[in-house]
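Fold and geometry: a report
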Amino acid sequence: MNIYRFLWVILVYCVFAMPLQAQTLSIRADYWYPMNGDPKSDKPGYMIDLAKAIFEPHGITVDYRLMPWSRAIQETRLGRNDCVVGAYKSDTPDFLFTSEHWGVDKISFYKFAKDNWRYKGDTKDLINRKVGIINDYSYGKALDEVFVKMNVQSAKGDGALEINIRKLLSGRIDTTIESHYVMVAKLMDMNLSDQVISAGDTQQGEPMYIACSPNATRTKKFIEIMNKTLPQLKKSGRFKQILQKYNIESW
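Notes on the structure in this doc start here. Computed from a predicted structure; not experimentally measured.

So, how was this worked out
Each chain has its residues counted from 1, running along the sequence as written. Where local features are concerned, this predicted model is filtered to residues with pLDDT of at least 70; where side-chain atom pairs are given and counted, the filter is 80 or more; whole-chain, interface and lining totals use all residues. Hydrogen atoms and water are omitted, and side-chain values are computed over all heavy atoms in the structure. Stacked, tilted and edge-to-face are the three classes assigned to paired rings of Phe, Tyr and Trp, where Trp is represented by its six-membered ring and a pair needs centres within 6.5 Å; plane angles under 30 degrees give stacked, over 60 edge-to-face, the rest tilted. Each residue gets one of three labels from its accessible area relative to the maximum for its type: buried under 20%, exposed over 50%, partly exposed in between, using a 1.4 Å probe on protein chains only. Note on geometry: a ring has a charge over it if NZ (lysine) or CZ (arginine) is within 6 Å of the ring centre and within 35 degrees of the ring normal. Cysteine sulfur atoms are paired as a disulfide whenever they fall within 2.5 Å. A run of H or I in DSSP counts as a helix once it spans at least four residues, and a run of E counts as a strand once it spans at least two, with each numbered from the N terminus. One side-chain nitrogen of Lys or Arg within 4 Å of one carboxyl oxygen of Asp or Glu is enough to make a salt bridge. Strands qualify as paired when DSSP identifies two bridges or more between them. Only buried residues count toward a nonpolar core. Its members are Ala, Val, Leu, Ile, Met, Phe, Trp, Tyr and Cys residues joined through side-chain atoms within 4.5 Å. In what follows, a contact means two residues having at least one pair of non-hydrogen atoms within 4.5 Å. Of all possible arcs, the one meant is that of the directions from the helix axis to the C-beta atoms.

So, on to the packing of aromatic side chains. Applying the stated rule across the entire model yields 12 aromatic pairs. Centre to centre, the rings of tryptophan 117 and tyrosine 119 are 6.5 Å apart; their planes meet at 50°, and the pair counts as tilted. Here tyrosine 119 falls in the buried class, since its relative accessible area comes to 6%. What links up through ring pairs into an aromatic cluster is the set Tyr46, Tyr181, Phe239 and Trp251. Above the face of the tyrosine 246 ring, lysine 43 is positioned so that its terminal group lies 5.5 Å from the ring centre. Across the ring face of phenylalanine 112, the terminal group of lysine 114 is positioned such that the distance to the ring centre comes to 5.7 Å.

Encoded structure:
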């Protein structure tokens, strides 16, 4: 092969390889830290860090942005975006899911570490407890019905979780309830991990996933890449390293 033909082959290869190297995976979701948080932060959420660890070595850029959850689902369903993160299968049953979940969302009660009270799965355990909840949140039918009958304190707004933690510290409540991953991250941020601890889970956890559009042909390939690469991240220790960054135990 002469030098000119060789250079021509290299040029053709580069031209056809460029679209692959320039691929972008778009992820949309509402703020749900530590699953996904501020896109500009060095800790954008463990699901975002996992996505980057999976796709960037394949030359695929992760474009992660925040938007309201209902809009994120709708636009992804239409194929305008590729995937959402932090999804239950019940949220988007028509989407494409990875073979492994990306964490299990558990709702737990929290208390002071020195408090011996435990929630053992019976709503009668809540008798005489001063419970703080978040307004308009559902904690499951059984607990919602109990909270209506109890004199619970309800916090509102974006800072509702921190409000409940502050109430716990001041003694206005002695119990609060929250998603385990969310609470662990918040307590770590407030340097309260040793003072406020779990008092028991409310129900069996719900698996969470990265879920991709059923109406975009390339998302099937993205799912295949994730299914192949995630076990490799676990084997290499990179998976555990990412979770430790958010104080989450690996599964």
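In this section: the state of the cysteines. The full count for this structure, using the stated rule, is 1 disulfide. Shown here is the disulfide that connects cysteine 83 with cysteine 212, its sulfur atoms set 2.1 Å apart. Across the S-S bond of cysteine 83 and cysteine 212 the torsion is about 90°, and the bridge reads as right-handed. Residue cysteine 83 is found in strand 3 (residues 83–87), and its partner cysteine 212 is found in strand 12 (residues 209–212); the two are separated by 129 residues along the sequence.

The next thing to look at is the pattern of salt bridges. With the rule as written, the count across this model stands at 12 salt bridges. Close ionic contact of aspartate 115 with arginine 129 constitutes a salt bridge, the shortest N to O distance being 2.7 Å. Here the residue aspartate 115 occupies a position in the loop between strand 6 (107–112) and strand 7 (131–134), and arginine 129 occupies one in the loop between strand 6 and strand 7, the gap between them amounting to 14 residues. With a relative accessible area of 14%, arginine 129 lands in the buried category. Linking aspartate 174 and arginine 129 is a salt bridge whose minimum nitrogen-to-oxygen distance equals 3.5 Å. One end of the pair, aspartate 174, is in the loop between helix 5 (160–170) and strand 9 (175–179); the other, arginine 129, is in the loop between strand 6 and strand 7, with 45 residues separating them in the sequence. The buried category is assigned to aspartate 174, whose relative accessible area is 19%. Salt bridges sharing common partners tie together Arg28, Asp63 and Arg65.

Let us look at the pairing of strand 12. Of the two faces of strand 12, the one lined by Tyr209 and Ala211 and the one lined by Ile210 and Cys212 are each fully buried. Where strand 3 lies against strand 12, 4 bridges are found, and the strand directions are antiparallel. The residue bridging alanine 87 from the neighbouring strand is tyrosine 209, located in strand 12. Relative to strand 12, strand 4 (residues 96–97) runs antiparallel, the two sharing 2 bridges. Within strand 12, the position partnered with phenylalanine 97 by the bridge is alanine 211.

A few words now on the nonpolar core. Of all hydrophobic cores here, the largest spans 74 residues; its most connected members are Ile27, Tyr46, Phe55, Phe109, Leu126 and Phe147. Counting residues per element, this core draws most heavily on helix 2 (residues 46–55), at 8 residues. In this view, tyrosine 46 contacts Pro34, Met35, Trp102, Gly103, Tyr181, Met208, Ile242, Leu243, Tyr246, Ile248 and Trp251; residues no more than four positions away in its chain are not counted.

Phe239, Ile242 and Leu243 are the residues of helix 8 (residues 238–245) that are buried. An end-on view of helix 8 places all buried positions within 95° of arc, on one side of the element. Contacts from the buried residues of helix 8 go to helix 2 and helix 7 (219–236). One or two steps after helix 8, the chain reaches asparagine 247, where phi turns positive at roughly 60°.

Function cannot be inferred from these measures alone, as they are strictly geometric.
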